[in-house]
Structure formats: structure tokens, C-alpha cells
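Structural description and commentary
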Amino acid sequence: MSSSPLPMGVSGAAFSAALSAFRSALGDTGVLDSDLDRRTYLDPYAFGDGLDHESSAILAPAEVAEVQEVVRIANRFGVALWPVSRGKNFGYGSAAPVRRGDVILDLSRMNRILDVDEQQANCLLEPGVSFFDLFDHLWAEEIPLWMSVPGNSWGSVVGNALDRGIGYTPLGDNCEAICGMEVVLPDGELVRTGMAAVDEGVTWRNYKYGYGPAWDQMFMQSNLGIVTKAGLWLQPEPEMTAAVEIAFPEFDDAAWAIDILSDLRRRDIIQHNVVFGSPVRAASVLTQRAEWYDGDGALPEEAERAIMERFGLGWWNAKISFYGPEFQVEGSMQLMRDLFEERLGKELHFKTWRKGEPYENSARGVPTTIGLQSVNWYGGRGGHLSFAPVMPQDGEKVLAYAKRVKDIYREIGQDYYATFTIGRRHINNVSLILYDRDDPASTGRANNLFERLVVEAKREGYAEYRGHIDYMDTIAATYDYNDNALLRLNDKVKAALDPANIIAPGRNGIGRRG
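Since the model is a prediction, treat every value here as computed from it, not as a measurement.

Thresholds applied
- Residues numbered from 1 in each chain as written.
- Predicted model: local features only at pLDDT ≥ 70, side-chain atom pairs only at ≥ 80, totals over all residues.
- Heavy atoms only, no water.
- Helix = DSSP H or I, 4+ residues; strand = E, 2+ residues; numbered from the N terminus.
- Buried < 20%, exposed > 50% of the residue type's maximum accessible area, 1.4 Å probe, protein only.
- Salt bridge = Lys/Arg side-chain N within 4 Å of Asp/Glu carboxyl O.
- Patch = residues over 30% accessible without salt bridge, like charges linked within 9 Å, V, L, I, M, F, W, Y side chains within 5 Å.
- Areas by Shrake-Rupley, 256 points an atom, 1.4 Å probe, with all protein chains shown as cover.
- Axes fitted to C-alpha atoms, helices over the stretch in contact; angles between N-to-C directions.
- Parallel < 35°, antiparallel > 145°, perpendicular 65-115°, else oblique.
- Contact = heavy atoms within 4.5 Å.
- Nonpolar A, V, L, I, M, F, W, Y, C, P; charged D, E, K, R; others polar.
- Pairing = 2+ DSSP bridges.
- Expected span 1.5 Å × (residues − 1).

This brings us to unusual backbone geometry. Despite not being glycine, Gln221 shows a phi value in the positive range, around 50°. Mapped onto the elements, Gln221 comes out in the loop between strand S9 (190-192) and strand S10 (226-233). A residue is classified by how much of its surface remains accessible, and Gln221, at 11% relative accessible area, is buried. Backbone geometry places Ala504, a non-glycine residue, at a positive phi of 45°. The class for Ala504 is buried, based on a relative accessible area of 3%.

Structural data, given as C-alpha cells:
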């Protein structure tokens, strides 16, 4: 007998009737509602057991017509849906809904690579296509196109882009690589955006905007529709790549190094998002905390220095890659030597690759999940969440903020894990928070730290760009201009398109009524 929670506002009898209707639409294999099924979709990094975000059932459509029918049935019975592409949004709640009892709509069976256009350098994907799926397809078919991959690549290509995830190669602002979508609206109607709205979409993946308002951004980080297909731009294989790892020995080096790297990024000399990270970033993947320090409180400075010495790290560390014709890459390498070697007092050593050589030495993005090892840092059943406010590209401001945040970590007793990810015009300070999810003291520190970081960032006028399901309302509230006018606008659009509040109530603070 299942002990499933009920969807909010839905009686047991009504939910039973809804499940029967869903089974008629999807078949028995498309409706998962056993206790084991629902436990499988809990957040693996939740504080404690994760049951506060437990779903009532999981639906698994295999094609767009089934998604449309599921949405119509959900409207008929008032059952809220929580769509996920693959449910691997680790560190943000994974597949679990904001509200306990909502039904997860898992699109991972919709996993077709519908087309790859080598000449135009783009592809058409369903939301269940993983980073490994797309990479394997390009590799097996010997298609000379490269893709952007995030640090942890277990998830959906489309889902990551819709949540404004990033990669670390050209076209690494993944949401900007999307070009036209197919979307099921909250009433079940199907719409295509941009040039995809023209007939069969001959130029779907060539031009993003179409005619009139461009709606793609409306379906990113929102709950205004369910994306069932998306066009995506890919990178043509370059003639040459070069990569270099740079260790900056002192904490205060952040000020001048950030300024130089940001200038190179703004001018597109560096063509990718740059990760500028602290020692625990590397150590947490390769080791556990007990190898360095087994006492209370934050990792002491001598342990941090020991990590740097063993792995050849600095206080800050960055990997920079260049892509393009040989003359361009060689020029960028020389520029890096001119900018950094004298200041650091050592030579930079580049790993180079030229087209036709084995890919092992290239700067091609390759999917990996090794970064997930970081959750083992404290031992036990580990987890992580992050607070990543958007900051200006100003080295002195970055350094001052890093010092304050490091002090907060130390005050709370948490090991300082920070990266400053340098984009085209902004920086994200990813303050990763690691914990043992079964240790109340550890999860208490993690929660306390997150809430402190929200306050510290807001004091400087900074705010998070992406949110965990436990903190979506908290983050949305920091966008407070004119008495949270933006949130009110989001709720007005939500109410107009989804008056029954069927699609992902509460996602990113939108539609929390009831």
C-alpha cells in the first residue's frame, strides 16, 4: 500500500481518478507511484530524509502529444506538475518539487537527438538528451562539432541551458546557445518560438528572434510552459587549441589577477567562462577532509597550505584555454606570457593540440561527473548547495568580498570553498557549501551559512542567479526594486497563462499562491 502524499488541494478520490487518467494516456509504465518510485526521486543531497519535498507520483511521457495530454488531465483534476528534463539538477534540489505532493513530470524518456547540422553547426534536441548522449553521438559519427559541458555533466543539455547553467568552452553560456524552442503551454497548447514558428522551421536553428517579441527567455528559469524541443548552437572544431593552468600563490592576488583575466574575457581574447578557484575545490574531489584536518571548526591555514603544496596549487587557480586558427592561438599564448610570467616569476606551460592529432591534448569539452566526488569531503552521506551572487568585474571588490565571506565561513566553522567564475561582463562567486546530510550540526551550519551569505551579498547589491528549492522564495525576495515589482510581474504573467497554477508552482518564487 503506497503512503503517497496528496497533491495540494486534491482529495484522495480525485487523485486516484487522476492517476487512472494518466495511465490511460501514458500506459502503466509511464506512471510511477510506488513508495520505491517516489523515494528514487527524492533529492539525494537533501538535509535529512528529503521528505518535505516528496512527490505524490511521477509521470514519464515519451512524446510531445503525451505531454500535452498530461497537462490537460492535470488541469481537469487540479494536479500540479513539476517538470524535469532528467532530474539531475544536483545541488539545486535534483528532481524534487518545491511543494510536497506535486507530481513530477520526468521528460527523460524524450531523449532523441533529432538532428545535427554539421555545416550550420547546430543541433535539435529533446529534453532527455544528456551531455554524454550528445558527446557520444558527435564522437561516434565523427562530426567535427564541439559542445559546451558543465562541471558536472550528468544532466540534460536542454535542462541545463533552461536553468542558465554554464560550461567552460566557447558557447559556454548555455542559455545563449539555445535557438528556438517547442513548448507545451499550461493549457496543453503547443507553440514554437523564433523561426521555429514558420511552417516546418527551415531556419529554426539559424536565427533566435523571429518576428515580434522573442519569447525564449520567458521559458528559462520559469514555470510558464514545458519545453519539449530546443535548437542549440555548437562550436565548429577549431584548427588549434592551447590550455594553461595558472596558480596564484597568495589570497590577495585575486585583485590584480581578476582584473587582467576579466579584461581578456571582455575582449573575447579568452573565449570561455573562467573558473578562478580556491584550494578546497581541488582537494574535495581528490581527497577527504580527514586527510588534512580532523578537528572542529574551519580548516586551519596550515592545512590549506598543505593542500596547495601537495597538488601544486596556489591560493587561487585558473585554467585558461584558447581556440582558433594557429596564428590566433599562438598570439594569445604570447600575450598570456607577457601578462603573467614576470609577475608570477615563472614560465607558463601550455598544452597544445592541432587538428588531426589525438584529442587527449585538446581543450575540447568532455562530459565528466568526477566533480560530484566533492560531496564526500566531510564523510557520511554528503551533499552540497551553493550561493552564487552576480558581481561586477572589479578585482578590488572581488577581493574585499572574498575576505568577508571567508571570515563568515570561518566564524560558522565551515571550510572555505570558493570559485569566481568570470563571464563576459560579470562574475559569479560560487560559494560551495559541503555537508554531511545526516549530521544535524553539519546541515545546520550549511543552512546558517547560506542565509548569512544572502544577507552579505544583498548588502553590496549582489544577488543569486539560480536557486535551490529550499531557498527560491528567499532569493526571489532579494530582487526588491519598487517593492518587488519584478516578482509581481512574474506572478501576473503566471496567473494569465496558468490560472490553475498547474506548472511547477513556486519555481523561482513564482506562483506560490496556495
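Counting across every chain of the model gives 36 salt bridges. Two residues, Arg466 and Asp163, come together in a salt bridge whose shortest N-O distance is 2.8 Å. Residue Arg466 is located in the loop between helix H12 (440-459) and helix H13 (472-477), and its partner Asp163 is located in the loop between helix H5 (157-162) and helix H6 (174-177); the two are separated by 303 residues in the primary sequence. Assigned by exposure class, Arg466 and Asp163 land together as buried. The partner of Asp473 in a salt bridge is Arg512, with the nearest N and O atoms 3.1 Å apart. With Asp473 in helix H13 and Arg512 in the segment after helix H14 (481-497), this residue pair connects regions lying 39 residues apart in the sequence. Since its relative accessible area comes to 38%, Asp473 is described here as partly exposed.

On the surface, a nonpolar cluster with roughly 270 Å² of combined accessible area is contributed by Tyr479, Leu486 and Leu489. Turning to its location among the elements, Leu489 is positioned in helix H14.

It is the contact of helix H7 (residues 254-266) with helix H10 (residues 326-344), at a shortest axis distance of 12 Å, that shows an interaxial angle of 175°. By the angle between their directions, the pair H7 and H10 is classed as roughly antiparallel. Contacts from Trp256, Ile260, Leu261 and Leu264 in H7 reach Leu335, Met336, Leu339, Phe340, Arg343 and Leu344 in H10. A class-by-class count of the residues in the contact of H7 with H10 yields 9 nonpolar, no polar and 1 charged.

This next bit is on the pairing of strand S12 (residues 240-248). Of all the 9 residues making up S12, 8 are buried; the element is thus mostly covered by neighbouring parts of the structure. Pairing of S12 with strand S14 (residues 316-324) involves 9 bridges; the strand directions are antiparallel. Among the inter-strand pairings, Glu245 is bridged to a residue of S14, identified as Lys319. Note that S12 and strand S15 (residues 351-354) share 4 bridges and pair antiparallel. Its bridge partner lying in S15, Met240 is registered against Arg354.

Let us now look at the sheet that holds strand S2 (residues 58-59). Overall, mixed pairing links the 4 strands, which are arranged S1-S2-S4-S3 in an open sheet. Both edges of this open sheet fall to strand S1 (31-32) and strand S3 (81-84), since each of them pairs with a single strand only. For S1 and S2, the ladder comprises 2 bridges, and the chain directions are antiparallel. Paired with Val31 across the two strands is Leu59, which belongs to S2. Its contacts with the sheet put helix H3 (residues 64-77) on S2, S3 and strand S4 (103-106), and the angle it makes with S3 is roughly 160°.

Time to look at H7. Here H7 contains 13 residues, and its C-alpha end-to-end distance of 17 Å stays within 8% of the 18 Å for a straight helix at 1.5 Å per residue. Taken together, the buried positions of H7 are Ala254, Ala255, Trp256, Ala257, Ile258, Ile260, Leu261, Ser262, Leu264 and Arg265. Asp268, located one to two residues past H7, shows a positive phi value of around 60°.

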